[in-house]
Amino acid sequence: MTTTLALFLLVAAIQEGDPLPEMLIQARDALEQGQYSEAVTLYEDAIELAMYGEDAGPVSGPLLARIRLGLAEAFRASRQNDDALRATEDIFDSDPGPETLDRALEIRYEIGLSYLNGTTRRLLGLEVSAERKGLQVLGDLIQRYPFQPFSDDAIFHSANWYLKNNLPEDAERFFERLLREYPESPWTAPAQILAGDAVLAQIKGVEYDMGPLTVAERHYRRYLRLFPNQGESQRARMELAKIAKMRAQRHLLVAQFYLGIDKPVSARVYLEKVLLDVPASEEAAEARRVIATLVPQPVQGDR
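Student: Before we go on, may I ask you to explain the overall build of the protein in this structure?
Tutor: Within the protein one finds 14 helices and two strands. The buried share among the 303 residues of the protein stands at 45%. For the protein, the share of sequence-separated contacts (at least 6 apart) that also reach a separation of at least 24 residues comes to 53%.

Student: When you look at the packing of aromatic side chains in this model, what are you seeing that I'm missing?
Tutor: Within a pair of aromatic rings, the relevant descriptors are the distance that separates the centres and the angle that separates the planes. The final tally for this structure, using the stated rule, is ten aromatic pairs. A ring pair is formed by Tyr-109 and Phe-150, whose centres lie 5.0 Å apart and whose planes are at 10 degrees; its orientation type is stacked. Taken as a pair, Tyr-109 in helix α6 (residues 98–116) and Phe-150 in the loop between α7 (131–144) and α8 (151–164) lie far apart in primary sequence, 41 residues in all. Across this residue pair, the class does not change: Tyr-109 and Phe-150 are buried. Through a chain of ring-to-ring contacts, the aromatic side chains of Phe-156, Phe-175 and Trp-187 assemble into a single cluster. The lysine or arginine in question, Lys-273, covers the ring of Tyr-270, its NZ or CZ lying 4.7 Å from the ring centre.

Student: Whenever I open this one, helix α2 (residues 20–32) confuses me. Can you help?
Tutor: Note that an α-helix has 3.6 residues per turn; residues three or four places apart therefore point the same way. The end-to-end C-alpha separation of α2 is 18 Å, in line with the 18 Å expected for 13 residues at 1.5 Å each. For α2, the full list of buried residues reads Leu-20, Pro-21, Met-23, Leu-24, Ala-27, Arg-28, Ala-30 and Leu-31. Among the residues trailing α2, Gly-34 stands out with phi positive, at a value near 80 degrees.

Student: Please clarify how the pattern of salt bridges should be interpreted in this entry.
Tutor: Between side chains of opposite charge, pairing is possible as soon as their charged atoms come close. In this structure the tally under the stated criterion is 18 salt bridges. Measuring nitrogen to oxygen at the nearest pair gives 3.9 Å for the salt bridge that ties Arg-180 to Glu-181. Of the residues examined, Arg-180 reaches a relative accessible area of 55% and is grouped as exposed. The exposure class assigned to Glu-181 is partly exposed, which follows from its relative accessible area of 25%. Lys-242 is paired through a salt bridge with Glu-239; the nearest N and O atoms lie 3.3 Å apart. Residue Lys-242 and its partner Glu-239 are both found in helix α12 (residues 233–260); the two are separated by three residues, about one turn of the helix. When its relative accessible area of 11% is taken as the criterion, Glu-239 is described as buried. Through salt bridges with shared partners, a single ionic network connects Glu-73, Arg-76, Arg-103, Glu-106 and Glu-110.

Student: Explain the side chain of Arg-68 to me, please; I cannot follow it from the model alone.
Tutor: In this structure, Arg-68 sits in helix α4 (residues 61–77). We note that Arg-68 is buried and unpaired, the nearest opposite charge coming from Asp-90 at a distance of 4.7 Å.

Student: What is the right way to look at the confidence of the model for the protein in this model?
Tutor: Close inspection of predicted coordinates is inappropriate for parts of the model with low pLDDT. Residue-level pLDDT values for the protein average 88, and 88% of them are 70 or greater. Considering only residues more than four positions removed or in separate chains, one finds that residues 1–5, a stretch of pLDDT under 50, has five contacts.

Student: Help me out: how do you make sense of the nonpolar core in this one?
Tutor: Generally speaking, soluble globular proteins have nonpolar side chains that are buried together. Of all hydrophobic cores here, the largest spans 77 residues; its most connected members are Ile-67, Phe-175 and Tyr-220. The next biggest cluster of nonpolar side chains, apart from the first, holds twelve residues, and it includes Ala-267, Val-278, Ala-287 and Val-290.

Student: Is there a simple way to explain the packing of α2 against helix α3 (residues 36–52) in this structure?
Tutor: In helix packing, the relevant descriptors are the interaxial angle and the interaxial distance, both defined with respect to the helix axes. Contact geometry for α2 and α3: axes closest at 8 Å, N-to-C directions at 155 degrees. Our classification of the angle between α2 and α3 gives roughly antiparallel. The two elements α2 and α3 meet at a crossing, and its hand is left-handed. On α3, the residues touching Leu-20, Met-23, Leu-24, Gln-26, Ala-27, Arg-28, Ala-30 and Leu-31 of α2 are Tyr-36, Glu-38, Ala-39, Leu-42, Tyr-43, Asp-45, Ala-46, Leu-49 and Ala-50. Tallied by class, the residues present in the contact of α2 with α3 amount to 13 nonpolar, one polar and three charged.

Student: Help me understand α4, please; the structure alone is not making it clear to me.
Tutor: The first and last C-alpha atoms of α4 sit 24 Å apart over 17 residues, in line with the 24 Å expected at 1.5 Å per residue. With twelve of its 17 residues buried, α4 lies for the most part within the structure. Taken residue by residue, α4 has Leu-63, Leu-64, Ala-65, Ile-67, Arg-68, Leu-69, Gly-70, Leu-71, Ala-72, Glu-73, Ala-74 and Phe-75 as its buried positions. Phi turns positive, to about 65 degrees, at Arg-79, one or two residues after α4.

Conventions used here
- Residues numbered from 1 in each chain as written.
- Predicted model: local features only at pLDDT ≥ 70, side-chain atom pairs only at ≥ 80, totals over all residues.
- Heavy atoms only, no water.
- Helix = DSSP H or I, 4+ residues; strand = E, 2+ residues; numbered from the N terminus.
- Buried < 20%, exposed > 50% of the residue type's maximum accessible area, 1.4 Å probe, protein only.
- Contact = heavy atoms within 4.5 Å.
- Phe/Tyr/Trp six-rings, centres within 6.5 Å; stacked < 30°, edge-to-face > 60°.
- Lys NZ or Arg CZ within 6 Å of the ring centre and 35° of its normal.
- Expected span 1.5 Å × (residues − 1).
- Salt bridge = Lys/Arg side-chain N within 4 Å of Asp/Glu carboxyl O.
- Lys, Arg positive; Asp, Glu negative; His and termini not counted.
- pLDDT = per-residue confidence, 0-100.
- Core = buried A, V, L, I, M, F, W, Y, C linked by side-chain atoms within 4.5 Å.
- Axes fitted to C-alpha atoms, helices over the stretch in contact; angles between N-to-C directions.
- Parallel < 35°, antiparallel > 145°, perpendicular 65-115°, else oblique.
- Left-handed = near helix turned anticlockwise from the far one by under 90°.
- Nonpolar A, V, L, I, M, F, W, Y, C, P; charged D, E, K, R; others polar.

The following block contains the structure:
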């Protein structure tokens, strides 16, 4: 529905002779002409009149929600984003129609993404970072209003923010949700490879739990299988090579452990895994060197 048509229907629904229609027309004209402060004032006055100044009582919920949407649009246009967010919250309490609700949610998404991407807020006269606020706004939309046209965008950008800010567990959770719930999203390909990055970022070193390596490997292999012609294919192969190298380093550590407790046969098993997985690597050269020092055993099993 166009803005002009929505305004016409809104005005037509109000009693003839009421001052509210003229006020709404003026407010819309001010907004369209870029007179945002005037538009804000007119919409605020219209809301006051609609709620408390009507002889016949307050206007109906959907109509009030539509007026509040005009106020949110005026705040948004004048970059008073926090005020626009508060106006949309009032819309949710006004029994909005579906189109009003959709636009209110869209405004919240626009503001949340803007904050996440670096738009600042003014608090106590100072310009401050609003990234956390943007993350909160997007997270609220994701949880309360899933499967909106912007939902996959909100999830992807939130996940990417977590990954860039060294919160890989949260990043993995959001990337996984996007892949699971929005498989047709245009963000699926980057989410697939970035999910692998998020898992790898959680690994502290080869001395720790290496279980996540298998999860990361699955993401990279799935990316190559589903998106072979995407621009990140070479990077996915490089990450798989990195995983193989880390696994080989882990096998060398395990082999050294077995050698330390005088179990060379068990050590040999892990050393041979290194030779099989990464035969041309530095780790393989080290495995060959250690194998060469092992005394052949006359019987099967460890001494």
